[in-house]
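Residue strings, one per chain:
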Amino acid sequence: MGLIAKAVFSSLLGTTSLAAYLAAKNPVISPLAASDPIWTSRLFKRYNPSANPATQDVCIRRVPVDKIRPELLKNPEDLVLEYCRGVWSGYGFDVQRRYLRWKHYGPETSTHLWTKAQLSESKYEKGTCIVDHFEVVEKTPTAITVRCGDSPRTKALRGSDGLFVIGAMVDDARGEVELTLTSCLFSSQGKVLGVKGPMSPWMEELHQWHKSIIAYLAANDKRITSATLRAELDLDENTFTEDVAKKYETLLEKKWTSTIMDLESRNAALQLDLDGVVQANSKRNQDLTSWLPEPSPRHSLRCHTSTINCVAFHPKYSTIASASDDCTIKIWDWETGELEKTIKGHTQAVRGVDYGGPAGGTLLASCSSDFTIKLWDPADDYKNIRTLYGHDHSICSIRFAPCNNVETGSQHLLISASGDQTIKLWNVETGYCVHTLRGHTDWVRSIHPSADGRYLISASNDRTARVWNISTTTPETTLILVGHDLGVNCCALAPVSSHPYLASAAGLKVKAPTAPDGAAGYFATGSRDNSIKIWDSQGTCVRTLIGHKKWVNAIVFHPGGKYLLSVADDSTLRCWDLAQGECVKVLDRLHEQFITCLEWAPQVSKDASLSDDSSSRLAQRSASLQTGGFPDHQIRCIIATASMDSTIKIFAK
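Residues numbered from 1 in each chain as written. Predicted model: local features only at pLDDT ≥ 70, side-chain atom pairs only at ≥ 80, totals over all residues. Heavy atoms only, no water.

Draft legend 1. Expanded view of the overall build of the protein chain. Along the backbone of the protein chain there are 13 helices and 35 strands. The burial tally for the protein chain puts 53% of its 653 residues in the buried class. Intrachain contacts of the protein chain at a sequence separation of at least 6 include 57% that bridge at least 24 residues. A total accessible area of about 29500 Å² is found for the protein chain, and carbon and sulfur atoms account for 51% of it. (Helix = DSSP H or I, 4+ residues; strand = E, 2+ residues; numbered from the N terminus. Buried < 20%, exposed > 50% of the residue type's maximum accessible area, 1.4 Å probe, protein only. Contact = heavy atoms within 4.5 Å. Areas by Shrake-Rupley, 256 points an atom, 1.4 Å probe, with all protein chains shown as cover.)

Set out below in structure tokens:
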């Protein structure tokens, strides 16, 4: 089972800098020697009193000591603990962790380690239970031993049992650190006859596939490839004899034919299911366009220690990022409510975050009161890949946008707004500032680019909002919106799906008088004068929404087009009917203090769900806007609010 063990071992690593290095190196996989201490250990004798046969191997990695963080070499216990944390909190264990949480999490298991944060911070003392499937049964300075195979709540002997030893020690003579994963699986109930240890059906199936591939290669004169694969799988000539090769020679074609037929059968069944639910989906889609959040949130996320200023949804995954005055960014899974990671790097309050970026990979951008913008790579454990300098004051808003100006040399822009009264456009690939927009006479609080990247609206303490054409070689203000009595805190561009409702509010018979291509037909602004104003592309205020008792801090259009949602310092979330100009729903006292931000999860197209290509995704989103808004089936009914009370609330259909 060498190749299997190698794949499992490699995938278990990946959260710490130590584990990241290990994942790039080849391990040595071998059966446990008869002299291995596990066979004579008190734990093996205790949990396998009948000395039943075991399925076992050990995976060893040797790493030069100069590749290990120096602080981990001072104390052997720190080295093995950090290694253990990397194993359990890494991406390789993530799928199993999520499945076991779904299956076993409850009041009886709430004290177990379930989240990535818990797994990456635990001390792994004796008695620590992991996802109701593993229990630490011994901890020494050089190894942590875990019992596996069944729930830790089952203390008696089990049909499925085993020991998993995570070991680390410094070999001074060789100048290396030896890291080991030892697995020993057995049945501890009764006496098992024979010499073969337990092996799950999927592993037996995988071994059959391996043997059939080797036999097929050999039979078709691919003997070098066959021999290489056999060596990788530790199948020597005594194990993989000529008789075995003959037996498996035609099995690959049979298995492949069987697999294809099975897939075709499943595809036909799925097509029948799809045909049968078209009518039900049509009704469901209609519900999505009119969905509004209910008072009870799905999750209340707590871990920040100060005001949360901004949240941003990942465009593809169930991930949400939050930015706080505690100088950190936290990454959450909004489906489960788990904290996945805390990002540190800014030296003052983090004011804004946004997901987006170049083709081939989504990035996270953050801006701060420390005058910097940072780019983080989610695919590389949110490593900081670039820091942008240029603003002379606190930066309070950050947004990605596609770029339509070929002279910038970039397909994507990053746009920032600051207390220095400017807006800067950055080339995402190079990190260079390509334009600085000037015009506001006070702090620029909020920015919102159009989906096609042609236009930008900004809101300022100078009581105005400005619309900019940023697709030209010299971006300029095309419209100044004047009408609020106090500073403007937030702004938004209306999606095309809302134009019929807004045209009705403006008393127009046509859908909307719009800027070119309908990219910037209507706008909304929220102010410290407690009001929300709706503007057309001529700068005329067509509707003023009155209802909030304190500053309006964030607004967002419903993707279905009929509603606008807003939050304010009065701790309420209000839902407004755009055609009627009335508040149709109020969620009161959502938070214990001022609500600082509101975000609707971005819509996902069928094509975008198959790729992490941000360029393609933004282009599809832009196209959907130009043709009348998002198709119903694309709407994700998920919103998030955050507050000075240091919590995030997730609302979902």
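Draft legend 2. View of the nonpolar core. In this structure, Trp88, Tyr124, Ile130, Phe134 and Ile166 are the most contacted members of the largest nonpolar core, which totals 29 residues. Elements that contribute at least two residues to this core include exactly α4 (76-89), β4 (134-140), β5 (143-148), β6 (161-171) and β7 (176-186). Looking at this core, the element that brings in the most residues is α4, giving 7 residues. Each residue touching Phe134, except ones within four places of it in the same chain, is listed here: Trp88, Phe93, Gln96, Thr128, Cys129, Val146, Arg147, Cys148 and Pro152. Residues Leu565, Leu587, Ile595 and Ile639 belong to the second largest nonpolar core, which totals 19 residues. (Core = buried A, V, L, I, M, F, W, Y, C linked by side-chain atoms within 4.5 Å.)

Draft legend 3. Molecular detail of the state of the cysteines. Under the defined criterion, the tally for this structure stands at 0 disulfides. With no disulfide of its own, Cys575 lies 6.9 Å from the sulfur of Cys583, the closest cysteine sulfur. Accessibility expressed as a relative area gives 0% for Cys575, which makes it buried. (Disulfide = S-S within 2.5 Å.)

Draft legend 4. Local environment of the environment of Lys330. Checked against the element boundaries, Lys330 lands in strand β11 (residues 328-333). By relative accessible area, which is 7% here, Lys330 ends up buried. Separated by 14 residues in sequence, Lys330 and Lys344 have C-alpha atoms that sit 8.8 Å apart. Ignoring any residue separated from it by four or fewer positions in sequence, one finds Lys330 in contact with Cys303, His304, Ile320, Ala321, Ser322, Leu339, Lys341 and Thr342. In terms of polar contacts, Lys330 uses its side chain to reach the side chain of Thr342, at 2.8 Å. (Polar contact = N/O pair within 3.5 Å; in protein donor to acceptor, adjacent residues only side chain to side chain.)

Draft legend 5. Quick look at the sheet that holds strand β21 (residues 444-449). Spatially, 4 strands are ordered β21-β22-β23-β24 in an open sheet, and the strand pairing comes out antiparallel. Edge positions in the open sheet fall to β21 and β24 (476-482), since each of these has one partner strand only. The mean angle between the axes of side-by-side strands here comes to 20 degrees, regardless of whether they run parallel or antiparallel. Pairing analysis gives 6 bridges linking strand β23 (residues 464-469) to β24, with the strands arranged antiparallel. Bridged to Ala465 within β24 is Leu481. (Pairing = 2+ DSSP bridges. Axes fitted to C-alpha atoms, helices over the stretch in contact; angles between N-to-C directions.)

Draft legend 6. Focus on the packing of aromatic side chains. Applying the stated criterion to the full structure yields 10 aromatic pairs. Taken together, a centroid distance of 5.3 Å and an interplanar angle of 85 degrees make the contact between Trp39 and Phe44 edge-to-face. For Phe44, a relative accessible area of 8% puts it in the buried group. When the centroid spacing of 5.9 Å and the interplanar angle of 70 degrees are considered together, the rings of Phe93 and Phe134 count as edge-to-face. On the criterion of sequence distance, the pair formed by Phe93 in the loop between α4 and α5 (94-104) and Phe134 in strand β4 is long-range, its members being 41 residues apart. The two residues Phe93 and Phe134 agree in class, both being buried. Members of the aromatic cluster, each reached through a chain of ring pairs, are Trp88, Phe93, Phe134 and Phe164. (Phe/Tyr/Trp six-rings, centres within 6.5 Å; stacked < 30°, edge-to-face > 60°.)

Draft legend 7. Representation of the pattern of salt bridges. Under the definition given, this model contains 21 salt bridges. Linking Glu176 and Arg62 is a salt bridge whose minimum nitrogen-to-oxygen distance equals 3.5 Å. Pair noted here: Glu176 is in strand β7 and Arg62 is in strand β2 (residues 55-64), with a separation of 114 residues, a long-range link. With relative accessibility at 17%, the residue Glu176 sits in the buried group. Note on Arg62: relative accessible area 31%, which makes it partly exposed. For Asp161, the salt bridge is made with Arg158, and the minimal N-O distance between the two is 3.7 Å. In the salt-bridge network here, residues are joined through shared partners; they are Arg62, Asp171, Arg174, Glu176 and Glu178. (Salt bridge = Lys/Arg side-chain N within 4 Å of Asp/Glu carboxyl O.)

Draft legend 8. Fine view of α4. Relative to the 20 Å expected for 14 residues at 1.5 Å per residue, α4 spans 20 Å between its end C-alpha atoms, a close match to the ideal helical length. Burial analysis of α4 places 11 of its 14 residues in the buried class, which makes it a mostly covered element. The N-capping residue of α4, defined by a side-chain oxygen 3.0 Å from the backbone nitrogen of Glu77, is Asn75. (Expected span 1.5 Å × (residues − 1).)

Draft legend 9. Just the pairing of strand β20 (residues 433-438), in detail. Across 5 bridges, strand β19 (residues 422-427) lies against β20 in antiparallel orientation. In the sheet register, Leu425 faces β20, and the bridge partner there is His435. Hairpin connection of β19 to β20: 5 residues between the antiparallel strands, including Gly431 at a positive phi of 85 degrees.

Draft legend 10. Focus on the UniProt feature "repeat: WD" (unreviewed entry) in the protein chain. Residues given the UniProt feature "repeat: WD" (unreviewed entry) here are residues 301-342, 343-377, 388-436, 437-478, 522-536 and 545-586. Split by type, residues 522-536 is 0% helix and 80% strand. Its first and last C-alpha atoms lie 5 Å apart. (UniProt positions renumbered as here; feature names shortened; annotations may be inferred.)

Draft legend 11. Region of interest: the environment of Val542. Take Val542: it is sitting in strand β28 (residues 541-546). What makes Val542 buried here is its relative accessible area of 19%. On a C-alpha basis, the gap between Val542 and Tyr522 in space is 9.4 Å, while along the polypeptide they are 20 residues apart.

Draft legend 12. Geometry of unusual backbone geometry. Non-glycine residue Phe371 carries a positive phi angle of around 75 degrees. Among the structural elements, Phe371 can be located in the loop between β14 (363-368) and β15 (372-377). Judged by its relative accessible area of 36%, Phe371 falls in the partly exposed class. We note that Arg589 has phi near 50 degrees; this positive angle belongs to a residue other than glycine. Relative to the helices and strands, Arg589 resides in the loop between β32 (582-587) and β33 (595-600). Note on Arg589: relative accessible area 69%, which makes it exposed.

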